[in-house]
Amino acid sequence: MSRRRQGPELPGAVVLREALRSIRHVAREGRDVVAEAASHGGVPVAQVANFAISGAERMAGVAEDVVGLLIGSGAAPLDLSLSEMPTDEASAACFAAAAYTALGHVLRGLGARHALVSELRLRAAFLRVGGENASTRPARLFVALREAEVIADVRMEPAADLSADEAVRLALFTLLLWMLSDRDVGDASEALDAAQMIGLALRTELAEAGHDETAVAKLLQEFRHHV
């Protein structure tokens, strides 16, 4: 599978995206808290506050769209293969952008209402792991991503049967399993959904594996060809 590279980003582009996404996340979190408070009494002040927070969220979304038009949204093709990525800044940027998009999709599928995914921390973890020992690299990256807390402030839907911590663990495993799979260029979403289903089926094994790189590596290697 060939890997397509993006053009260079302007300095600070990813930092600006990160800041805008944080603003949007805080606005959404605040909106939910205020809406919950309003549901217990219909307090006019809460209703006004909820309206203001919704407005802030819309502004953050518009700002991020503008940033995407002016300096790039950081979107990367979702047909990246982890095994084809050297450890350099360009690959780290592609990995982080693709992982940001994929993790958002997976977290929603797992029942997360809100979550803050850090593109900057994804980049840093990728570079910190390095490219040596290709066979153990994905498992080391799994542990590094967890330790770096690349996913934070997860709020699950009330009907979800996963805790926030378990959703993070499953989302990261799904991401790496998907990036290791032999998927075709045109079926990125289908492969991601398939990887998520495998992760859910392995939730007990993943919980038992914890931060054990050997155990995680075994699961990734065994099931990568099932995606």
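Residues numbered from 1 in each chain as written. Predicted model: local features only at pLDDT ≥ 70, side-chain atom pairs only at ≥ 80, totals over all residues. Heavy atoms only, no water.

### Details of the overall build of the protein
Spelled out, the test is: The helix count covers DSSP runs of H or I at least four residues long, the strand count covers runs of E at least two residues long, and both are numbered beginning at the N terminus. Exposure is judged per residue with a 1.4 Å probe applied to protein chains only, and the accessible area is read against the type maximum: over 50% gives exposed, under 20% gives buried, and values in between give partly exposed. Throughout, a residue-residue contact means that at least one pair of heavy atoms, one from each residue, lies within 4.5 Å. Per-residue and other accessible areas follow the Shrake-Rupley method at a 1.4 Å probe size, with only the shown protein chains counted as cover for residues.
Helix and strand counts for the protein stand at 9 helices and 2 strands. The linear arrangement of helices and strands in the protein, starting from the amino end, is α-α-α-β-α-α-β-α-α-α-α. Among the 227 residues that make up the protein, the fraction classed as buried is 48%. Sequence-distant contacts in the protein: of pairs separated by 6 or more residues, those separated by 24 or more amount to 74%. Accessible surface, the protein as shown: approximately 11100 Å² in total, 57% of it carbon and sulfur.

### Here's the deal with the packing of helix H5 (residues 137–147) against helix H9 (residues 213–223)
Angle between the axes and distance between the axes: these two values describe a pair of packed helices. Note the cut-off: Here, axes are lines fitted to C-alpha atoms. For helices the fit covers the stretch in contact, and angles between N-to-C directions go from 0 to 180 degrees. Under this scheme an angle from 65 to 115 degrees is roughly perpendicular, one under 35 degrees roughly parallel, and one over 145 degrees roughly antiparallel; angles in between are oblique. For a crossing to be left-handed, the near helix must be turned anticlockwise from the far one by less than a right angle; the clockwise case is right-handed.
Where H5 contacts H9, the two axes come as close as 8 Å, and the packing angle between them is 120 degrees. Classified by the interaxial angle, the pair formed by H5 and H9 is oblique. For the crossing formed where H5 meets H9, the hand is right-handed. Every residue of H9 that contacts H5 at Pro138, Ala139, Arg140, Phe142 and Val143 is listed here: Glu213, Val216, Ala217 and Leu220.

### Considerations on the side chain of Gln196
Among the secondary structure elements, Gln196 is positioned in helix H7 (residues 188–201). With residues up to four places along the chain from it excluded, the contact list for Gln196 reads Val106, Gly109, Leu110 and Thr174.

### Considerations on the pattern of salt bridges
Applicable threshold: Here a salt bridge means any side-chain nitrogen of Lys or Arg lying within 4 Å of a carboxyl oxygen belonging to Asp or Glu.
Evaluated as defined, the whole model comprises 6 salt bridges. Of the charged contacts in the structure, one is a salt bridge between Glu119 and Arg17, with a shortest N-O distance of 2.8 Å. One end of the pair, Glu119, is in helix H4 (residues 119–129); the other, Arg17, is in helix H1 (residues 13–39), and 102 residues separate them in sequence. For the pair Glu119 and Arg17, one class covers both residues: buried.

### So, the environment of Asp65
By secondary structure assignment, the location of Asp65 is in helix H2 (residues 44–71). Along the backbone, Asp65 and Leu20 are 45 residues apart, and their C-alpha atoms lie at a distance of 9.9 Å.

### Regarding the nonpolar core
Quick reminder of the rule: In plain words, nonpolar cores are sets of buried Ala, Val, Leu, Ile, Met, Phe, Trp, Tyr and Cys residues tied together by side-chain atoms within 4.5 Å.
Counting 56 residues, the largest nonpolar core has Leu82, Phe95, Leu122, Leu145, Ile151, Leu175 and Trp178 as the members making the most contacts within it. Residue contributions to this core peak at 12 residues, all from helix H6 (residues 164–180). Not counting residues up to four positions away in its chain, the partners in contact with Leu175 are Phe95, Ala99, Ala102, Leu103 and Leu145.

### With respect to the packing of aromatic side chains
Where we set the bar: Any two of the Phe, Tyr and Trp rings considered here, Trp counted by its six-membered ring, make a pair once their centres fall within 6.5 Å; the pair's planes then place it as stacked at under 30 degrees, edge-to-face at over 60, or tilted in between. Consider the ring centre and the ring normal. A charge sits over the ring if Lys NZ or Arg CZ is within 6 Å of that centre and within 35 degrees of that normal.
Per the counting criterion, the structure on display carries 1 aromatic pair. Directly above the ring of Tyr100 sits Arg21, whose terminal nitrogen or CZ lies 3.6 Å from the centroid.

### Thoughts on H6
Counted only if it meets this: Expected helix span is given by 1.5 Å per residue-to-residue step, counting one fewer step than there are residues.
The first and last C-alpha atoms of H6 sit 25 Å apart over 17 residues, in line with the 24 Å expected at 1.5 Å per residue. Of all 17 residues in H6, 15 are buried, a share of seventy percent or more.

### Considering the packing of H4 against H5
Taken N-terminus to C-terminus, the directions of H4 and H5 make an angle of 140 degrees; their axes are 9 Å apart at the nearest point. When the axis of H4 is compared with that of H5, the two are oblique. For the pair H4 and H5, the sense of crossing is right-handed. Seen from H4, the contacting residues are Leu122, Ala125, Phe126, Arg128 and Val129; seen from H5, they are Arg137, Arg140, Leu141, Ala144 and Leu145.

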